Amino acid sequence: MSLQMVSAVSNSSLLQPGFSLLNFDGHVFFFGQKGWPKRSCPTGVFLLDIKQNELKMKPATFSKDSCYLPPLRYPALCMLRGNAESDEYQYIIHGGKTPNNDLSDKIYIMSLVSKNSKKTTFQCIEKDLGGDVPEARYGHTINIVHSQGKSMSVIFGGRSYTPLAQRTTEKWNSVVDCLPSVFLIDFEFGCCTSYILPELQDGLSFHVSVARNDTIYILGGHSLQNNSRSPSLYKLKVDLPLGSPAVTCTILPGGISVSSAIVTQTSETEFVLVGGYQSDNQKRLVCNTIVLEDNKIEIVERASPDWTPDIKHCRMWFGCDMGKGSVLLGIPGANKQLNSDANYFYILRCKEEDKEEELTAQICSQTSTEDPGDSTPFEDSEEFCFSAEANSFDVDDSDTYNEDDEEDESETGYWITCCASCNIDINTWVPFYSTELNKPAMILCSSGAGHWVHAQCMDLSESMLLRLSEANVKYFCNEHVDLNKGLQTPKKVVHLKKQPMKPLRKKTTVKLITPTKKSFLRRLFE
């Protein structure tokens, strides 16, 4: 086993605990960055280019018929082949955390469409599921089993948020172990079936699963309920007859009490177990060889690499299987570098480079490295991941991703200081409105180019917030509402035109005096 240090050039902040690696035709692709993708790489998928011990990233694109794929961290991921002899394969991605700490229950299938020295294009499809659909989770595993000419995927373990009915203000975003159910998914029909097995009593997360043919071996894992790492070794056997599938579980001796370990495959029947934690504050520096032959499993200790002093003394480490016997390891470099997000990276090669065996068995080791404060024990705060190989890629340096070219988008999140009186803090915030779950409600102020403010900081009632969200009106925050009123042009008053009234003419009565009356009056006054 050989250990080689590599330098991440200007983009190491993207490589944080919880990422995954995909290996397509010997090329390694990074997926699951911390934070939302930026304009330079809206897909969030990068080709890893390793030249002369330097690691660079080249953005990958999606085809026009692809669905949106968020940057999921700690998902379950495995390779799906068309058949045992086929060279074409896809990756299945299930669950994981979004940058907003929302959990995903969706399942995606990613395949390589085209690749050249300038551009790599993927197709990503979301698969619709029915039946006993697994709840949203992270820290679990997914594997493919083959039996009697049929194939199915198996999902097990992981963690999820506390159910809504059991949440309290103090523990609103706390996580719990998922029930120890085994889920079988038929991708041909999109049907899910869950199985409860008496041998599986406790929920496990950040365990290792190795699959071969119709059998899956589950090793290690952490239980939040007991705050322990399981020493048991479970053997799941899946039979796929013409009727209903049959799933059985057997507890085998010889397990290892470890969580967040990485498994890489070195031959058709041999795997290497690297890293992980044997307690909340102690890394596991011992390596093991796992051999699968004749429906049996054998786990033996093997010589470990010469770990550097930095690796030995660091509190946490994380990484991912790169495929074909190589592992990418990372340790924090915050104590030695100005950038607190910067990390040191190493490539661990577990087999001789001249061996080119075809890797046919499925492996799935799950990452556990989370952000500090996401959950209680150290287990969830910093650990591991998996999936691909380091090669020297002929990539044009001018197309390499450089996050320094990006604008700072840190102010567009939920945890901004929206106003002078803002008191929303990611470490102390609790839901205020009934519509909030794990992030504060925000509303757009229409002043100028527009900016987001917290509804709670604006003293909005819940009924008013709902009314504003449903109505097609502009909203102005407390700071700009008076200014907006001053800038408003008074409404023009429309004067009604009144028709002038015609003056009424006074009637004049003319009395004519007839000659008879005139002569009569003259005689009367004479």
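Keep in mind the model is a prediction, meaning the values are calculated, not measured. (Residues numbered from 1 in each chain as written. Predicted model: local features only at pLDDT ≥ 70, side-chain atom pairs only at ≥ 80, totals over all residues. Heavy atoms only, no water.)

> So what exactly am I meant to see when it comes to the nonpolar core here?
Side chains that are nonpolar tend, in soluble globular proteins, to be buried together. Residues Leu-21, Phe-30 and Trp-307 are the most contacted members of the largest nonpolar core, which totals 36 residues. Mapped onto this core, the elements with two or more residues apiece are β3 (27-31), β4 (45-51), β5 (54-59), β25 (270-274), β30 (318-323), β31 (326-332) and β32 (343-349). If one sorts the elements of this core by residue count, β32 sits on top with five residues. Residues in contact with Trp-307, not counting those within four places in the same chain, are Leu-3, Val-274, Leu-285, Cys-287, Lys-312, Trp-317, Leu-329 and Leu-348. In this structure, Cys-418, Val-453, Cys-457 and Tyr-475 belong to the second largest nonpolar core, which totals 21 residues. (Core = buried A, V, L, I, M, F, W, Y, C linked by side-chain atoms within 4.5 Å. Buried < 20%, exposed > 50% of the residue type's maximum accessible area, 1.4 Å probe, protein only. Helix = DSSP H or I, 4+ residues; strand = E, 2+ residues; numbered from the N terminus. Contact = heavy atoms within 4.5 Å.)

> Looking at this structure, I do not really get the sheet that holds β3. What am I missing?
Strand pairing in a sheet is mediated by backbone hydrogen bonds. Such pairs are either parallel or antiparallel. The strand order β2-β3-β4-β5-β1-β32-β31-β30 describes an open sheet built from eight strands, whose pairing is mixed. Unpaired on one side and paired on the other, β2 (20-24) and β30 mark the two borders of the sheet. Each strand axis lies, on average, 35° off the axis of its neighbour in the sheet, ignoring direction. Bridge count between β30 and β31: five bridges; the pairing is antiparallel. Looking at the pairing, Asp-321 lines up with Val-327 of β31. (Pairing = 2+ DSSP bridges. Axes fitted to C-alpha atoms, helices over the stretch in contact; angles between N-to-C directions.)

> When you look at the side chain of Arg-73 in this model, what are you seeing that I'm missing?
Relative to the helices and strands, Arg-73 resides in the loop between β6 (61-62) and β7 (76-81). For Arg-73, a relative accessible area of 7% corresponds to the buried category. Only 3.4 Å separates the side chain of Arg-73 from the side chain of Tyr-74, close enough to count as a polar contact. (Polar contact = N/O pair within 3.5 Å; in protein donor to acceptor, adjacent residues only side chain to side chain.)

> When you look at the pairing of strand β10 (residues 120-127) in this model, what are you seeing that I'm missing?
The side chains of a regular strand alternate between the sheet's two faces. In this sheet, β10 lies alongside β6 in parallel orientation, the contact comprising two bridges. Looking at β10, one finds that Thr-61 is bridged to Thr-121. Looking at chain direction, strand β9 (residues 107-115) and β10 are connected through eight bridges and run antiparallel. When the sheet's bridge partners are listed, Ile-109 is paired in β10 with Ile-125. Counted along the chain from β9 to the antiparallel partner β10, the turn is four residues long.

> Even after reading the chapter, I still don't get the sheet that holds strand β8 (residues 89-94), so can you show me in this structure?
Taken in spatial order, the five strands line up as β6-β10-β9-β8-β7 in an open sheet, and their pairing is mixed. Looking at which strands have only one partner, the edges of the open sheet turn out to be β6 and β7. The pairing of β8 with β9 spans four bridges and is antiparallel. If you follow Ile-92 over to β9, its bridge partner there is Ile-109.

> Before we go on, may I ask you to explain the pattern of salt bridges in this structure?
Pairing between side chains of opposite charge can happen when the charged atoms of each approach one another. The final tally for this structure, using the stated rule, is five salt bridges. A salt bridge links Asp-177 to Arg-159; the nearest nitrogen and oxygen atoms lie 3.9 Å apart. Here Arg-159 lies in strand β14 (residues 159-161) and Asp-177 lies in strand β15 (residues 175-177), a separation of 18 residues in the sequence. Here the two residues Asp-177 and Arg-159 agree in accessibility, since each one is buried. (Salt bridge = Lys/Arg side-chain N within 4 Å of Asp/Glu carboxyl O.)

> What am I meant to see in the confidence of the model for the chain here?
Confidence along the chain averages 79 in pLDDT terms, with 76% of residues attaining 70 or more. This stretch, residues 367-401, has a pLDDT under 50; its non-local contacts, to residues over four places away or in other chains, come to 180 contacts. (pLDDT = per-residue confidence, 0-100.)

> I tried to follow the UniProt feature "binding site: Zn(2+)" (unreviewed entry) in the chain on my own but got confused; where do I start?
This chain's UniProt record puts "binding site: Zn(2+)" (unreviewed entry) on Cys-418, Cys-422, Cys-445, His-451, His-454, Cys-457, Cys-477 and His-480. Judged by relative accessible area, which is 18%, Cys-422 ranks as buried. Residues within four places of Cys-422 in sequence aside, it is in contact with Ile-416, Thr-417, His-454 and Cys-457. Along the chain, His-454 falls in strand β35 (residues 451-454). Residues within four places of His-454 in sequence aside, it is in contact with Tyr-414, Ile-416, Cys-418, Cys-422, Ile-424, Pro-440, Ala-441 and Met-442. (UniProt positions renumbered as here; feature names shortened; annotations may be inferred.)

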